[in-house]
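Spelled out from the first residue to the last, the chains are:
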Amino acid sequence: NAGVTQTPKFRVLKTGQSMTLLCAQDMNHEYMYWYRQDPGMGLRLIHYSVGEGTTAKGEVPDGYNVSRLKKQNFLLGLESAAPSQTSVYFCASSTDGRQETQYFGPGTRLLVL
Amino acid sequence: AQSVTQLDSHVSVSEGTPVLLRCNYSSSYSPSLFWYVQHPNKGLQLLLKYTSAATLVKGINGFEAEFKKSETSFHLTKPSAHMSDAAEYFCVRNTGGFKTIFGAGTRLFVKA
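Residues numbered from 1 in each chain as written. Chains lettered and ligands numbered in written order. Predicted model: local features only at pLDDT ≥ 70, side-chain atom pairs only at ≥ 80, totals over all residues. Heavy atoms only, no water.

A. Fine view of the state of the cysteines. Residue and element names in this part refer to chain A. Within the structure shown, the criterion is met by two disulfides over all chains. With a sulfur-sulfur separation of 1.9 Å, cysteine 23 is cross-linked through a disulfide to cysteine 91. Sign of the S-S torsion, about -75° for the bond between cysteine 23 and cysteine 91, identifies this disulfide as left-handed. In this pair, cysteine 23 is assigned in strand β3 (residues 19-25) and cysteine 91 in strand β9 (residues 87-94), connecting sequence segments 68 residues apart. Exposure remark for cysteine 23: the relative accessible area of 0% places this residue in the buried category. Relative accessible area serves as the criterion here: at 0%, cysteine 91 is assigned to the buried category. (Disulfide = S-S within 2.5 Å. Helix = DSSP H or I, 4+ residues; strand = E, 2+ residues; numbered from the N terminus. Buried < 20%, exposed > 50% of the residue type's maximum accessible area, 1.4 Å probe, protein only.)

Written as structure tokens, this is what we have:
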């Protein structure tokens, strides 16, 4: 039982390049989330999904797209990377939305030059 | 707007002394509140959660938190700090509708 895994662990991009971050969970959770973590700001929700084939915007969705084609996977895409997207990205999953624990992946550190 | 305020960005304690990490939340209705811990270069791990069953919540590794509605607080405590407790701690609330609000975090330093 690997829990929540994220690929890659670290990536350097040039401004304007695109990339996809992959999140996978093996706990059969319905809900999945993408967050970004910036110093002094805690975690902010980018997008989330309440089930296979569904996605919704979070607090800071601009510049990102997501897809949930399979229940176990949640992909985060950056179409045209900007330096402001330099951050640590965390994926999480849970069985329910409000009272349930979220299980976090180890994070992806992204540097946009 | 719903909010979570962690009152200290950094807390430093000596090993073996008590730990207090403070968290206040804006009140609208009974919240679901959580404390998560993040060790360096790791993801977040749940310490404990409050979901209205009991006001004193016990978590892992000797941590506990008390929900005080009158003070809109959910402070995290531990009687005796250990070196392995050095990490960043986040107070988190769920407001329903899948909106999760994180505090800015408190970094705990433990001195030998």
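B. Just the packing of aromatic side chains, in detail. For the structure shown, the criterion picks out twelve aromatic pairs over all chains. Between A:Tyr33 and A:Tyr35, the aromatic rings sit 6.2 Å apart at their centres with planes inclined by 25°, giving stacked as the arrangement. The buried category is assigned to A:Tyr33, whose relative accessible area is 1%. For A:Tyr35, a relative accessible area of 0% translates into the label buried. One aromatic cluster in this structure is built from A:Tyr33, A:Tyr35, A:Phe104, B:Phe34, B:Tyr36, B:Phe90 and B:Phe102. (Phe/Tyr/Trp six-rings, centres within 6.5 Å; stacked < 30°, edge-to-face > 60°.)

C. View of the nonpolar core. B:Trp35, B:Leu48, B:Phe74, B:Leu76 and B:Tyr89 are the most contacted members of the largest nonpolar core, which totals 26 residues. Once you skip the residues sitting within four places of it in the chain, B:Phe74 turns out to touch B:Cys23, B:Leu33, B:Phe34, B:Trp35, B:Leu48, B:Tyr50, B:Val57, B:Ala65, B:Glu66 and B:Phe67. Judged by nonpolar contacts, the second largest core, of 19 residues, contains A:Val60, A:Tyr64, A:Val66 and A:Tyr89. (Core = buried A, V, L, I, M, F, W, Y, C linked by side-chain atoms within 4.5 Å. Contact = heavy atoms within 4.5 Å.)

D. Unusual backbone geometry, seen in detail. Omega for the bond connecting A:Thr7 with A:Pro8 falls within 30 degrees of zero, at -5°, which places this linkage in the cis form. As for its placement among the helices and strands, A:Pro8 is situated in the loop between β1 (4-7) and β2 (10-13). Of note in the backbone geometry, B:Asn41 takes a positive phi value of approximately 60° without being a glycine. On the basis of relative accessible area, B:Asn41 is assigned to the exposed category, the value being 63%. You will see that B:Thr72, though not glycine, has its phi angle at about 45°, which is positive.

E. Layout of the sheet that holds β3(A). Residue and element names in this part refer to chain A. Strand order across the open sheet formed by four strands is β1-β3-β8-β7, with antiparallel pairing between neighbours. Two strands close off the open sheet at either side, each with one partner strand: β1 and β7 (64-67). Direction aside, neighbouring strands of the sheet carry axes that sit 20° apart on average. The sheet contact formed by β7 and strand β8 (residues 73-78) spans four bridges and is antiparallel. In the strand pairing of β8, asparagine 65 is matched with glycine 77. (Pairing = 2+ DSSP bridges. Axes fitted to C-alpha atoms, helices over the stretch in contact; angles between N-to-C directions.)

F. Focus on the side chain of B:Arg93. When you line up the elements, B:Arg93 lands in strand β10 (residues 87-94). A distance of 2.3 Å separates a polar atom in the side chain of B:Arg93 from the backbone oxygen of B:Ser26. (Polar contact = N/O pair within 3.5 Å; in protein donor to acceptor, adjacent residues only side chain to side chain.)

G. Inspection of the interface of chain A and chain B at higher detail. Tallying the contact residues gives 21 residues for chain A and 24 residues for chain B. Together, the buried faces of chain A and chain B total about 1800 Å²; carbon and sulfur atoms form 51% of this surface. Applying the counting criterion to the chain A and chain B interface returns zero salt bridges. Where chain A packs against chain B, one counts four residue pairs in polar contact (both at pLDDT 80 or more). Secondary structure elements with two or more residues in the side of chain A that touches chain B: β4 (31-37) and β5 (43-49) of chain A. For the side of chain A that touches chain B, a count of residues per class yields ten nonpolar, eight polar and three charged. (Buried area = accessible area lost by both parts, 1.4 Å probe. Salt bridge = Lys/Arg side-chain N within 4 Å of Asp/Glu carboxyl O. Nonpolar A, V, L, I, M, F, W, Y, C, P; charged D, E, K, R; others polar.)

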